[in-house]
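Reading the structure
Chain by chain, the residues run as shown.
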Amino acid sequence: MTNNLKWKIGLVLVIVALACIFAYPPFDILDKNGNVWMPGRLKLGLDLKGGMHLVLRVDTSKLDEESRKDAAERALEVVRNRIDEFGVSEPSIQLQGRDKILIQLPGITDPERAKEIIGRTALLEFKLVETDPEKRKENPEAYEEKTLDDETLWLEKSTPLTGAEIKTAYMGMDSIGSPDVRLEFKSKGAKIFSKITGDNIGRRLAIVLDGKVHSAPVIKTKIPDGNAQITGQFTAEEATDLAIVLKAGALPAPLVIEEDRTVSPSLGKDSIEKGVKAAIAGSILVVAFMAIYYMFAGIVANLALCLNLIILLAALSLFRAALTLPGIAGIALTMGMAIDANVLIFERIREELNIGKTLGAGIIAGYKKAFLTIFDSNLTTLITGIILFYVGTGPVRGFAVTLSIGIIISMFTAIVVTRVVFDLMTLRQKITRLKMLRFIKETHIGFIGKRKLAYALSIIFILLGIGSFFMKGEDGRLGIKKNFGIDFTGGTLQHFRFNDPVEINDIRASLKAIGLGSAIIQQDKNEPRDIIVRSYSEKFENISRKLKEDFKDNSFEIISTDIVGPAVGKDLRFRAVIAILLSLVGIGLYVSYRFEPKFAVGGIVALLHDALVSVGALAITGREISLPVLAALLTVIGYSINDTIVIFDRIRENMKLKAKSDFASLIDHSINQTLSRTFLTSFTVFLVLLALYFLGGEVINDFAFVMLIGVITGTYSTIFIAAPIIVDWPGKKKKRG
């Protein structure tokens, strides 16, 4: 055994041991009572655990220049204090940009209450009431008019005491058992309160919260101990929430909801079950195919695949990455793509054995020749993964993290781990032959001669897609309003699940009464209890309130809510365009560096072709472009170049071996040589995507659909677009020499 092999074995064993330590257990282990017995290593994203994702903008438009400077930082601290008092486990609260606050609250069960507590300004003021009309006439500008239970009050505009002096606040009970809010002032506030009450016995002191008078009791005696109370028709929950916001302090400026994504725990649980089921089904299909098609080599690849999953889970745990539903899709996709490298290696080994090399020599040559192709193809996909992480948010970032880490790990398991196993088996002469099936025999198809027909078919389909993209929808909408989801247009998408099936016309009549008759209403064909309402109005808060009024006998649960402000939608559209352009430029530059500029042109044209065909398929089938769909489009771009690079690599190799061949014939020969690998690598990923499409649930259905279209069109464009463009690219036509 060589020192090099010993070193590799040691490295693999160490990584396997560390992976098992960091990956176990990936999820919470529960006891027989359903309590967590051993916490899992992986954190679950909001789309799996349920919870709320908020982006709030601190509106500093009415503040002076000095007060604007640190308003966001002060608002962040107030929000953090309120959430801490609210009692959410593992919240994430951070500044985003100059004036935005990103909030993630996992596992929350009452999102509306949370938003009320977080966004309430909570400016508490104590103001004296002036009942003498003569004094008001003398200085009318010193007073303001307010109402309390239909009674008109005149308050002094000056505010001798505010909520900034509150030390603590809590819910209490008054003499008749009604909830109220008890206040205790700091030392300075207690002195001010003592003076106010001592100097104004017999006058009324109004307690004003966010401009509304809650009570105006008569001061009967001096209160020196710094205690006060706010009475009103509170419920216990309202009094508790008011105490929370008063204790945390007032916001320096109003908060405006820019983005609100809420998922109920029940939908999260359903998503986990469907996502895991799809991932397992896809993995089983791939494992079965590899074992049948490549026999012993396939079993080795499957062992590497299992190790790939363990290391991936360990890496996600180590980086404290949250597992999202697109992340589960990313794991399943990584499993399919990990097989690609094995297919490239095994097919190379087959070629070396076919020319008469021994098994040992064939394995060495196969790995050596496949390495650069694997490296190039995976690096281009990694480029799109990094860009996707940069422009993505929430679950999309989770997908990008999973995909990027998975690519790196799959290269290690395919190139190092499987090689160690083969070296050990051949060294000890456990295997002397490597049997494999072969579905696609040696072919001599003239692909280049059919390129003009392929160009025409592609142009026709792309034009159909563009036409469908700009056609009117059933509701009369055009262009961006019809084809783009609220991620890019802004708006509200609410998913309601009623106890009993409802009629869509009854829902429309209910919303029409509040001026939202133009809202788009959809009913799940498989589940008539599920209603999805999409609106561009700012009155989205009225929707659930109105439905509660009109459907009192048929209660519902809000399964999910997506609210995206126009500014956020515009920003996401811009970032989506930048992401696609950066991906194309990055891939183009890398292919130019590794091959020739005209190869890069062929690759980029093929990628644009795949993106346009995929978008056209979305438009034709009436699906919307959302953030997960953008993730799929970028992944299609990254994955599609994989097959292209396989052919480019063989063309470059044949340019050296067959220097005097006609260039078009050389390319035809290269495509035919790699045809088996092209279809096999696409087929393994296709199996996984089929499982995601049929079993993954509604949330990742559009993602899986785009990927399915992308894999099909990517295989087609590799053969009929990318390679032929190299032939048709302007330049001197000559034999290679």
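Shown above is the structure to which this text applies.
Residues numbered from 1 in each chain as written. Predicted model: local features only at pLDDT ≥ 70, side-chain atom pairs only at ≥ 80, totals over all residues. Heavy atoms only, no water.

Structural notes on the sheet that holds strand S12 (residues 179-185)
As a reminder, the rule being used: We treat two strands as partners when DSSP finds at least two bridges between them. By the criteria applied, helices consist of DSSP H or I runs no shorter than four residues and strands consist of E runs no shorter than two, each listed in order from the N terminus. Only the stretch in contact is used when fitting a helix axis, every axis being a line fitted to C-alpha atoms; angles between N-to-C directions are given from 0 to 180 degrees. In this analysis, two residues are considered to be in contact whenever any of their non-hydrogen atoms come within 4.5 Å of each other.
Pairing is antiparallel across the open sheet formed by 3 strands, whose spatial order is S11-S12-S15. The open sheet has two free edges, formed respectively by strand S11 (166-173) and strand S15 (227-230), since each of these has just one partner strand. Across the sheet, the mean angle separating the axes of adjacent strands is 25° when strand polarity is ignored. Here 7 bridges tie S11 to S12, and the two strands are oriented antiparallel to one another. Note on S12: the bridge partner recorded for Ile166 is Phe185. Contacts from helix H7 (residues 187-199) reach S12 and S15 within the one sheet, and its direction differs from that of S12 by about 110°. This element, helix H8 (residues 236-248), spans S11, S12 and S15 of the sheet and lies at about 175° to S11.

A few points about the packing of helix H21 (residues 627-657) against helix H23 (residues 675-695)
Short version of the rule: For this classification, under 35 degrees means roughly parallel, over 145 means roughly antiparallel, 65 to 115 means roughly perpendicular, and everything else is oblique. Two helices crossing with the near one rotated counterclockwise from the far one by less than a right angle form a left-handed crossing, whereas a clockwise rotation gives a right-handed crossing.
H23 packs onto H21 with a crossing angle of 160° between their chain directions and a minimal axis gap of 10 Å. By the angle between their axes, H21 is roughly antiparallel relative to H23. Where H21 crosses over H23, the handedness of that crossing is right-handed. For the pair H21 and H23, contact is made by Tyr639, Asp643, Val646, Ile647 and Arg650 and by Arg677, Thr678, Thr681, Ser682 and Val685, respectively.

Description of H21
Each α-helix turn comprises 3.6 residues. Residues three or four places apart therefore point the same way. This is how the line gets drawn: Multiplying one less than the number of residues by 1.5 Å gives the expected span of a helix. Remark: exposure states derive from per-residue accessible area (1.4 Å probe, protein chains only) relative to the maximum for the residue type, with buried under 20%, exposed over 50%, and partly exposed in between.
When the terminal C-alpha atoms of H21 are compared, their 46 Å separation across 31 residues agrees well with the 45 Å that a helix rising 1.5 Å per residue should span. Of all the 31 residues making up H21, 27 are buried; the element is thus mostly covered by neighbouring parts of the structure.

A word on the sheet that holds strand S4 (residues 51-58)
One open sheet holds the 8 strands; their spatial order is S5-S6-S4-S16-S21-S18-S20-S19, and the pairing between them is antiparallel. Each end of this open sheet is capped by a strand with a single partner; those strands are strand S5 (92-96) and strand S19 (520-523). Here the strands of the sheet are splayed against their neighbours by 20° on average, with no regard to which way each runs. Contacts between helix H5 (residues 111-119) and the sheet are confined to S4, strand S6 (100-106), strand S16 (255-263) and strand S21 (556-564), with S4 contributing the most and set at about 25° to the helix. Seen against the sheet, helix H9 (residues 265-294) touches S16 and S21 and runs at an angle of roughly 85° to S21.

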